[in-house]
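Single-letter residue listing:
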Amino acid sequence: MNGVGIVSYGAYVPHFRITPDDIGKVWGVDGKAMGKGLMISSKSVPAPDEDTITISVEAARNMMKRCDINPKDIGALYVGSESHPYAVKPTGTIVAEAIEAAPDLTVADLEFACKAGTAALQTCMGLVGAGMVKYAVAVGADTSQGAPGDALEYSASAGGAAFLIGKEKVIATIDNTYSYTTDTPDFWRREGKLFPRHGGRFTGEPAYFKHVVSGGMGLFEKTGTEPKDYEYAVFHQPNGKFPTRVARQLGFAEDQMRTGLLVPTIGNTYSGAVPLGLAAILDEAKPGDRIFAVAYGSGAGSDAFDIRVTDEMARFGRDLAPTMTEIMANPKYLDYATYAKYKGKIVKGRD
Amino acid sequence: MATAPRFWRENPSRYNLVGFKCNNCGNHYFPPRIICPLCRRKSVGKIEPVRLKGTGTIFSFTEVHEGMDEQNMQRPYIVAMVELDEGARITGQVIDCDARDLSIGTEVRATLRKLSEEGSSGVIHYGYKFIPLCNGPAASENE
Amino acid sequence: MRRVAVIGTGITEFGELWDSSFRKLGIGAGLAAVEDAKISAEQIDAMYVGNMSAGRFIRQEHVGALIADYSGLVKDHVPATRVEAAGASGGLALRQGFLAVASGLHDIVVVGGAEKMTDVSDTESSMIQSSAADQEWETELGATFAGLHALIATRHMHEHGTTREQLADVAVKNHKHGSLNPKAQFRREINRDVVLRSPIVASPLRMFDCAPSSDGAAAVVLCPLENAEKYAEVPVEIVGSGQASDSLALHNRKDICTMSATRVASDRAFAMAGLSQDDVDVAEVHDNFTISEVLAVEDLGFFAKGEGGKATEDGRTSLEGDVAINTSGGLKARGDPIGATGVAQAVEIVTQLRGTAEKRQVKDADVGLAQNVGGTGATAVVHLFRRA
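Residues numbered from 1 in each chain as written. Chains lettered and ligands numbered in written order. Predicted model: local features only at pLDDT ≥ 70, side-chain atom pairs only at ≥ 80, totals over all residues.

*Asks:* Explain the overall build of chain C to me, please; I cannot follow it from the model alone.
*Replies:* Scanning chain C for helices and strands turns up 14 helices and 12 strands. Over its C-alpha atoms chain C spans a radius of gyration of 19 Å, differing by no more than 12% from the 21 Å that the globule rule assigns to 388 residues. C-alpha atoms of chain C, sized along the principal axes, occupy 55 × 45 × 40 Å. For chain C, with 388 residues in total, the buried portion stands at 65%. (Helix = DSSP H or I, 4+ residues; strand = E, 2+ residues; numbered from the N terminus. Rg over C-alpha atoms; globule rule 2.2 N^0.38 Å. Buried ≥ 20, exposed ≤ 12 C-beta atoms within 10 Å, placed from the backbone.)

Put into structure tokens, the structure is as follows:
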């Protein structure tokens, strides 16, 4: 696509974790078994002073550390999330100020459940490809909510990644993208409500699997490729089970998706999921490597990408910001009481 | 409760540690001022806004157990006076660590976090806090 | 410049005075001082009122006029001025009164200080106290007033080897002194363990390292020394008055273990008085936190830098020590109704120099000092008193 691609990237995951075992203890659930079924051994927990804005800023700053472009050359910035701290007032303006890209740029927040980050990526590709802006930033980040006691509580976590899209010094070209969209109410959160609701098993076959498989197949068709053409594959990962099964359905082997599968240690980062998986892959990918990525957003839709690492990667300042391995290393584990306090689930005496 | 502009006008310093360098004495200060507190009139026209790097060392610190309403849910939390590499000193929270992992001289870097919010329907204020550079490896061995 | 004397003192009880309003407290102290000086209302030329934050504590500004009104002074339209410098408001009001009499502008001046702190919650009260620090660049970032003093303590322990026990000894001594003062908020002795086991407020400071929230008021009456004997059996002269400022935020000071404003204000006061530290028998210092007293006794020049903790531990600041520090119980035990504190310090020193301090009387007290601090040391006011 006109040589448009990723010029830099940065990621961030909060320092804290909780295990399904500790969550299960509170609700009389065998959390260990639950975690095993979901293939989640821990999930990230944002500190009380973290939200989608602070996570987006940290990821975007890590992205800026890895390149030496003038932030004033950024012409567009989009933050995709389903947990923007404000219902009205953009997350993106604060991110733009924090990386000193303001004021000469366009900014907007996007929402499409868990695929708002990749929707931002596509928007940036279009703007850069059309020559409307020199560089554009796409962020996917979330501090997702699971209602206390709900199945989602075992997986809903926090994290995000940012991508600088441009045409010069591109470390990975995004050669193709395909999206598949239908109206499918599998998961939603109404305006003004704290916690989302979901359709239980309806979120599986007719929602996640149908859309991810259709998105993947559509991209194969559009690009004339097949699974063995790719070194890496990353899928939306609400748990470990879904992406593992969908990879198999699409014909990918386990070792192709191992690097991008972060959900077992950090949980479901929603809009951050595929962006973070992609960041983990870019941390180790070599020039010439090809990456297959499919994000899924409830509601429902999928965004699929065909990405190829360029020779520029050899000269790229990967070490100038922490890698996913470093970001995820040495977390601090919380008990459920502290977790509830951090997530604001404790009713305060006064507000 | 304060109105939004009171906080908003300080955003460059709160988000990006914009302080200043006095080009008369060469010292860095935070936050910005109209004149250098040492050079006074000699500094007029020689005050240069500077974005401080945000790295430095802990000059002193405390773990606050009885805090303000804003930080109530974070209790206990750590507040430090940080000596930035440019020489300016600054006060802020140190986060994502335990007080027992800190000492005078611990290296820290600035990050952006929520400082406070004007109730559940008001403006959210963001600004700098500090994270130990060694956060993780050394810090979590005892945990 | 005329020489100035204190001819009357008045002080209310300090504490959680649920049934006393701000105005009731202010007038109570003022009337007692006027009574003590045996003057009549018509003789009063002016009034100065030290108050930190009535606007936030009781939502009432314009408290100069309020106190003048309820004291019956508006009949003669006596000028009343409110003075504010956070914790140093009272000391600064005294200085304004001193300057007014010394200049020859006024002959009889009443200086009052008052604060009503318990009409708001404890959290609200500590937020108000924190506004004495830099609201934009300290408090908004999470630094409480106790937290800022804890930064000083951590650093003082690091640089000078001051121990946690020595800080406790400040509180132990001041509670002991408070037990001898019938007007003190806390009149019970404590030991080290009580301090060391009390809840942490901001490490290393614990609850018993902190002065309480208090209601209370104090007042003194000033006149030219040459007229003092008309009103007082034992007039006490204000022989030195010094004031100094420093950066509002603690982090802008090179050395946070020294309150330079205290050092400079005391140098100025001693120079005016022609006295030295050796001449001082009794001193009231601003122990809003135990670490503050350690800094004070060093910065006032009673002990070398770094020796304040040791001196306290060795009993050199007790009633029988080299210099008796905080015989009233200090802010810690007498109580700290912020705007009243600086005036209450003057009341205690005058009481000592008159020789009427009873059980806590320092023998042959001739020269006394009062040090009053605003914020973390951005304002310091030091006064020297001598029996006339």
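*Asks:* Mind showing me how you'd approach the overall build of chain A here?
*Replies:* What chain A contains, in helices and strands, is 12 helices and 14 strands. Relative to the compact-globule value of 20 Å for 351 residues, chain A shows a C-alpha radius of gyration of 19 Å, a close match. Projected onto the principal axes, the alpha-carbon positions of chain A cover approximately 55 × 45 × 40 Å. Looking at the 351 residues of chain A, the share that counts as buried comes to 56%. Long-range contacts, defined here as pairs at least 24 residues apart, represent 78% of the contacts in chain A between residues at least 6 apart. (Contact = placed C-beta atoms within 7 Å.)

*Asks:* Sorry if this is basic, but what is going on with the domain arrangement of chain C here?
*Replies:* Residue and element names in this part refer to chain C. Annotation of chain C at the domain level lists domain 1 (4-121 + 214-228) and domain 2 (124-212 + 239-387). For domain 1 and domain 2, the distance between their C-alpha centres works out to 22 Å. Counting residues at the interface gives 39 residues for domain 1 and 37 residues for domain 2. Of all the elements in the fold, those that place two or more residues in the side of domain 1 that touches domain 2 are strand E1 (4-11), helix H2 (54-57), helix H4 (89-102), strand E4 (109-116) and strand E7 (215-224). Residue contributions to the side of domain 1 that touches domain 2 peak at eight residues, all from H4. Considering only residue class, the side of domain 1 that touches domain 2 consists of 20 nonpolar, 14 polar and five charged. (Domains from an automatic or database assignment. Nonpolar A, V, L, I, M, F, W, Y, C, P; charged D, E, K, R; others polar.)

*Asks:* Sorry if this is basic, but what is going on with the interface of chain A and chain B here?
*Replies:* Buried accessible area, meaning the area lost when the parts come together, often serves as the stated size of an interface. In this complex, chain A contributes 21 residues to the contact, which on the side of chain B involves 19 residues. Counting only elements with at least two residues in the side of chain A that touches chain B, the list comes to helix H3 (52-65) and helix H4 (92-98) of chain A. Among the residues making up the side of chain A that touches chain B, the classes are represented as eight nonpolar, four polar and nine charged.

*Asks:* Whenever I open this one, the interface of chain C and chain B confuses me. Can you help?
*Replies:* In this assembly, 27 residues from chain C lie in contact with 25 residues from chain B. Contributions of two or more residues to the side of chain C that touches chain B are made by helix H5 (122-130), helix H6 (145-160) and strand E5 (200-202) of chain C. Among the elements that line the side of chain C that touches chain B, the one with the most residues is H6 of chain C, at seven residues. Its residues placed into classes, the side of chain C that touches chain B shows 13 nonpolar, 10 polar and four charged.

*Asks:* Would you take a moment to explain the domain arrangement of chain A for this structure?
*Replies:* All names here are of chain A. Taken domain by domain, chain A comprises domain 1 (5-171) and domain 2 (176-312). When each unit is reduced to the centre of its C-alpha atoms, the spacing between domain 1 and domain 2 is 15 Å. The partner domain 2 presents 39 residues to the 41 residues of domain 1 that form the contact. When contributions to the side of domain 1 that touches domain 2 are tallied by element, the ones reaching two or more residues are strand E1 (5-12), strand E3 (43-45), helix H5 (116-129), strand E6 (135-143) and strand E7 (158-166). For the side of domain 1 that touches domain 2, the leading source of residues is H5, giving six residues. When its residues are assigned to classes, the side of domain 1 that touches domain 2 shows 21 nonpolar, 15 polar and five charged.

*Asks:* Explain unusual backbone geometry to me, please; I cannot follow it from the model alone.
*Replies:* The residue after Phe-30 of chain B, namely Pro-31 of chain B, is reached through a cis peptide bond having omega -10°. Inspection of the secondary structure assignment puts Pro-31 of chain B in the loop between strand E2 (28-29) and strand E3 (47-51). With omega at -10°, the peptide bond leading from Arg-75 of chain B into Pro-76 of chain B counts as cis. For Pro-76 of chain B, the position within the fold is in the loop between strand E4 (55-64) and strand E5 (77-84). One non-glycine residue with positive phi stands out, namely Lys-38 of chain C, at about 55°. By the element assignment, Lys-38 of chain C lies in the loop between helix H1 (22-37) and strand E2 (46-50).

*Asks:* Help me understand the sheet that holds E3 of chain B in this model?
*Replies:* Within a sheet, adjacent strands bond to each other through the backbone by hydrogen bonds, running parallel or antiparallel. Residues and elements named next belong to chain B. Here we have three strands laid out as an open sheet, ordered E2-E1-E3, and antiparallel in their pairing. In the strand order of this sheet, the two ends are held by E2 and E3, each with one partner. As paired elements, strand E1 (residues 18-22) and E2 share two bridges and run antiparallel to each other. Residue Phe-20 lies in a different strand from E2, and its bridge partner there is Tyr-29. (Pairing = 2+ DSSP bridges.)

*Asks:* Hey, could you run me through the nonpolar core in this one?
*Replies:* A general feature of soluble globular proteins is that nonpolar side chains tend to end up buried together. By size, the foremost hydrophobic cluster in this structure holds 279 residues, and its most contacted members are Cys-124, Ala-136 and Ile-165 of chain A together with Val-220 of chain C. Among the elements that take part in this core, helix H14 (residues 338-354) of chain C stands out by supplying nine residues, more than any other. When neighbours within four sequence positions are excluded, Ile-165 of chain A is seen to be in contact with Val-4, Ile-6, Val-7, Cys-124, Met-125, Val-128, Tyr-135, Ala-136 and Ala-138 of chain A. (Core = buried A, V, L, I, M, F, W, Y, C linked by C-beta atoms within 7 Å.)

*Asks:* Looking at this structure, I do not really get the packing of helix H1 (residues 20-27) of chain A against helix H2 (residues 31-38) of chain A. What am I missing?
*Replies:* Residue and element names in this part refer to chain A. Running from N to C, H1 and H2 cross one another at 130°; their axes reach a closest spacing of 7 Å. If you check the angle between H1 and H2, you find them oblique. For the crossing formed where H1 meets H2, the hand is right-handed. In this structure, H1 contributes Pro-20, Asp-21, Asp-22, Ile-23, Gly-24 and Lys-25 to the contact, and H2 contributes Gly-31, Lys-32, Met-34 and Gly-35. Considering only residue class, the contact of H1 with H2 consists of three nonpolar, three polar and four charged. (Axes fitted to C-alpha atoms, helices over the stretch in contact; angles between N-to-C directions. Parallel < 35°, antiparallel > 145°, perpendicular 65-115°, else oblique. Left-handed = near helix turned anticlockwise from the far one by under 90°.)

*Asks:* I keep staring at the pairing of strand E6 (residues 89-94) of chain B and nothing clicks. Help me out?
*Replies:* The two faces of a sheet get side chains in turn, since along a regular strand they alternate between them. All names here are of chain B. In terms of residue burial, E6 counts as a mostly covered element, since six of its six residues are buried. Where E5 lies against E6, six bridges are found, and the strand directions are antiparallel. Counted as the bridge partner of Ala-80 is Gly-92 from E6. Hairpin connection from E5 to E6: four residues lie between these consecutive antiparallel strands, with Gly-87 at a positive phi of about 110°.

*Asks:* Can you help me understand the sheet that holds strand E4 (residues 74-80) of chain A in this one?
*Replies:* Residues and elements named next belong to chain A. Pairing is mixed in the open sheet, where nine strands are placed in the order E5-E4-E6-E7-E1-E8-E13-E12-E11. Either end of the sheet is taken by a strand with one partner, and the two such strands are strand E5 (106-110) and strand E11 (232-235). Averaged over neighbouring strand pairs, the angle between their axes works out to 20° when direction is ignored.

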